[in-house]
Amino acid sequence: MSLLVVGLSHRSAPVSVLERAALTADGQIKLAQDTVAAEPAAEAAVLATCNRIELYADVDKFHAGVAELSTLLAQHSGVGLDELTPYLYVHYEDRAVHHLFTVACGLDSMVVGEGQILGQIKDSLARAQELHTAGRLLNDLFQQALRVGKRAHSETGIDRAGQSLVTFGLEQLASGGAVEKWAHGKRALVIGAGSMSSLAAATLARAGVAEVVIANRTHERAERLAQILNEADDTDVPARAVPMESVRAELTRADIAVSCTGATGLVLDAEAVAAAVEGRTGHAVAVEEGHEERRTPTRADARKTPLPPAGVGADEDCPLDLTAPGFSVMGEAAVAGMDAATLEQHAAWAAGSAVDRREAARRTPEADPELISALAATAATAGRVPELRKPEPVAEVPRPEPVLFLLDLAMPRDIDAAAHRLAGVRLVDIESLAEASADAPMAADVDQVRRIVSDEVAAFGAALRAAHITPTVVALRTMAADVVAGEIARLDGRLPGLDDKQRSEIRQAVHRVVDKLLHAPTVRVKQLAAEPGGAGYADALRTLFDLDPETVASVSRAEDSTEKNRGPQ
């Protein structure tokens, strides 16, 4: 059997696809159960976060496993297989181990070094253990991934390379400033009571907000989170729970709203956000059409559009760049050597009309003297050949200062993306966080974490290969014990006069001989099997000692059954 992972994340798929492919808690359970029910897979675990969906499985066939896992992901996500396939990635055996360890260390996170992924991996393992879909391989893999992640955070400064998605999102809302200074005295609304929402509520409380209001579909969970915040020793910020039906009313009073629920539809549409802002300001909210597309025009942009009409000799929009070497200010020397297309473009500009440059380009060289003369006459009339002036940058109309700050950490999104365009609103969501973190500088500690991951992958692979031969060694020792027992029974029949002490001495002597004969080969075969390419030693051992394959398989099944029945750790 071999480890296989098929998934998609913010690195392989756009947010729109991740959003549609997101799985509910029930969907994750059903996916794991259906995976182990499929023919190629014996174990399965689902790792689903706000920016990744991954299916881990122990499979006996690679190609069949990839096809089956991809199909199951498509079926349970509701995204067609043809549409989903271009965004899927596949890792197998050591590469799959390397991928999970990298994820556990936060190197594959949207914000490098964030530690929340460790809790999500732990939850994934606990769910697989509860469902009995995790056997020896996935139990060992996920538990080792947790240890590797903790080691990376304790032995390196990877925490300095990034922070949790919550903190990063709040920093974006604060425009890169100190979250504590920005949040101090503001009123906060947190929608949801899961791990991400709880982290957001605690972070805001420690930042010194005036109040934290918790809204959740299950009111008891909201009350429990509010109680935890009220009883916390590191903050005295009051917290209270409200039903989901009160969200719109609470949004009118809030300065900051963080949402992270498992809802499949929008929790806050643009109309609700606009109404909240209007309720705070008393003014209707303007929709800023296309504010995200405004930018300073470039010279390339100017060349793509026809020249506007202009008077003879005017300075604006002249197509000639007279700042280039070889141009003089006046007379025919200013245009000597220019091609016909450029000259005609200038003549058209001077005459106040545009010319199709493609048509001008088809002119013959014989037309150049006439164009040069015409341009020279124009220059004589104006007194000079006007220089080209670059267009002045178009100043963006400044947006009004936000009165409502929204952080959407849900996948699929909780808050309507149209809220980006509402005046007085600043919205940060998964998509904008991905853009903001794309060019974030890496800490020097990242290289050290990568070395830790490489070492741990090698160690895990060696342990896995060594464990692979254990059932064969156990079967060999079982066969030896059966041989000893048979010979002792035969000796009892042939020497009935032996007393109990004599029989015990003979029995111990035979066992010592067998143990000494088997010790060196079994120790050495475990060492050899742990090395790359060592899987063949198990086959050699079975062949040399003529071991019953069913005996070896029964040992493996017993070990796997013990692992699957083990509860959450």
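Above this text sits the structure in question.
Quick notes on the rules
- Residues numbered from 1 in each chain as written.
- Predicted model: local features only at pLDDT ≥ 70, side-chain atom pairs only at ≥ 80, totals over all residues.
- Heavy atoms only, no water.
- Salt bridge = Lys/Arg side-chain N within 4 Å of Asp/Glu carboxyl O.
- Helix = DSSP H or I, 4+ residues; strand = E, 2+ residues; numbered from the N terminus.
- Buried < 20%, exposed > 50% of the residue type's maximum accessible area, 1.4 Å probe, protein only.
- Pairing = 2+ DSSP bridges.
- Axes fitted to C-alpha atoms, helices over the stretch in contact; angles between N-to-C directions.
- Contact = heavy atoms within 4.5 Å.
- Core = buried A, V, L, I, M, F, W, Y, C linked by side-chain atoms within 4.5 Å.
- Phe/Tyr/Trp six-rings, centres within 6.5 Å; stacked < 30°, edge-to-face > 60°.

A. Examining the pattern of salt bridges more closely. Inspection of every chain in the model, using the stated rule, returns 22 salt bridges. Between aspartate 255 and arginine 280 there is a salt bridge, with the nearest N and O atoms lying 2.7 Å from each other. Taken as a pair, aspartate 255 in the loop between helix H13 (247-253) and strand E8 (256-259) and arginine 280 in helix H14 (residues 270-281) lie far apart in primary sequence, 25 residues in all. What makes aspartate 255 buried here is its relative accessible area of 11%. The partner of arginine 490 in a salt bridge is glutamate 487, and the shortest N-O contact between them spans 2.9 Å. Of the two residues, arginine 490 and glutamate 487 both sit in helix H20 (residues 445-494), three residues apart, roughly one turn of that helix. Among the ionic contacts, a cluster of salt bridges with common partners joins Arg11, Arg52, Glu54 and Asp108.

B. Layout of the sheet that holds strand E7 (residues 239-243). What the six strands build is an open sheet, ordered E7-E6-E5-E8-E9-E10; its pairing is parallel. The open sheet is flanked by E7 and strand E10 (425-429), the only strands paired with a single partner. When the angles between neighbouring strand axes are averaged without regard to direction, this sheet yields 20°. Strand direction decides the pairing type here: strand E5 (residues 187-191) and E8, joined by four bridges, are parallel. Paired with valine 190 across the strands is valine 258, a residue of E8. Against the sheet, helix H11 (residues 195-207) engages E5, strand E6 (211-216) and E8, with an angle of about 170° to E5.

C. Broad picture of the nonpolar core. Core analysis: the largest hydrophobic core is formed by 66 residues, its most contacted members being Leu8, Leu165, Trp182, Val212, Ile214, Ile256 and Leu409. With seven residues, H11 is the largest single contributor of residues to this core. When residues no more than four places from it in sequence are discounted, the contact partners of tryptophan 182 are Leu170, Leu173, Ala174, Ile256 and Phe405. By size, the runner-up hydrophobic cluster in this structure holds 35 residues, among which are Leu3, Phe142, Ala145 and Ile452.

D. Fine view of the packing of aromatic side chains. Taken as a whole, this structure holds four aromatic pairs when the rule is applied. Look at tryptophan 182 and phenylalanine 405: their rings are 5.2 Å apart centre to centre, the planes differ by 85°, and that puts the pair in the edge-to-face class. Within this pair, whereas tryptophan 182 is found in helix H10 (residues 179-183), its partner phenylalanine 405 is found in strand E9 (residues 404-408), the two being separated by 223 residues in sequence. Here tryptophan 182 and phenylalanine 405 have matching classes, each one buried.

E. Inspection of the sheet that holds strand E1 (residues 2-9) at higher detail. If you trace the four strands from one edge of the open sheet to the other, you get E2-E3-E1-E4, paired in antiparallel fashion. Each edge of the sheet is formed by a strand with only one pairing partner; in this case those strands are strand E2 (41-49) and strand E4 (89-92). Each strand of the sheet is rotated relative to its neighbour by a mean of 15°, with strand direction disregarded. Inspection of the sheet shows E1 paired to strand E3 (residues 52-59) by eight bridges, in the antiparallel sense. Among the inter-strand pairings, valine 6 is bridged to a residue of E3, identified as leucine 55.

Everything listed is a geometric property; what it means functionally is a separate question.
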